[in-house]
Amino acid sequence: PEEFVKIKDTDTYLEAIQEAGVVGAGGAGFPTHVKLKGELPGGVVIANAAECEPILEHNMKFMEQHPEVIVKGLKYMLEMTKADKAYIAIKQHHKEAVVALE
């Protein structure tokens, strides 16, 4: 759509993430491409969905309403890092999100 900022064409998902300037949502703004740069054959990717800020409830709602986006993102991460498994760390009391992600 026209309202999105266009990024230059890239050859890999990792380059696209870097070009887009994607950073972690934890507040420090750590570049995501740096986190995903390392190869982890036999390793694990963990998506931290352990929501701690009550004002960020929209993240949990997104997981409940669009779990396929989270799973698709994890599949991309597995491909980029060559990790064997991916886990989603989520608090047990977020039952609706857990059910949706299953």
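Residues numbered from 1 in each chain as written. Predicted model: local features only at pLDDT ≥ 70, side-chain atom pairs only at ≥ 80, totals over all residues. Heavy atoms only, no water.

S.K.: How would you sum up the side chain of Thr81? Please name residues and give values.
M.R.: If you trace the backbone, Thr81 turns up in helix 4 (residues 67-81). Among the polar contacts made by the side chain of Thr81, one reaches the main-chain carbonyl oxygen of Met77 at a distance of 2.8 Å. Not counting chain neighbours up to four residues away, the residues in contact with Thr81 comprise Leu36, Gly38, Glu39, Leu40, Pro41 and Val45. (Helix = DSSP H or I, 4+ residues; strand = E, 2+ residues; numbered from the N terminus. Polar contact = N/O pair within 3.5 Å; in protein donor to acceptor, adjacent residues only side chain to side chain. Contact = heavy atoms within 4.5 Å.)

S.K.: So what about the pattern of salt bridges? Which residues, and what values?
M.R.: Enumeration over the complete set of coordinates arrives at three salt bridges. Close ionic contact of Glu19 with Lys8 constitutes a salt bridge, the shortest N to O distance being 4.0 Å. Of this pair, Glu19 sits in helix 1 (residues 13-20) while Lys8 sits in the segment before helix 1, and the two are 11 residues apart along the sequence. Using a relative accessible area of 56% as the deciding quantity, one classes Lys8 as exposed. Residue Glu39 pairs with Lys82 through a salt bridge whose shortest N-O separation is 3.7 Å. Here Glu39, found in the loop between helix 2 (32-37) and strand 1 (44-48), pairs with Lys82, found in the loop between helix 4 and strand 2 (85-89); they are 43 residues apart in sequence, far enough to count as distant. (Salt bridge = Lys/Arg side-chain N within 4 Å of Asp/Glu carboxyl O. Buried < 20%, exposed > 50% of the residue type's maximum accessible area, 1.4 Å probe, protein only.)

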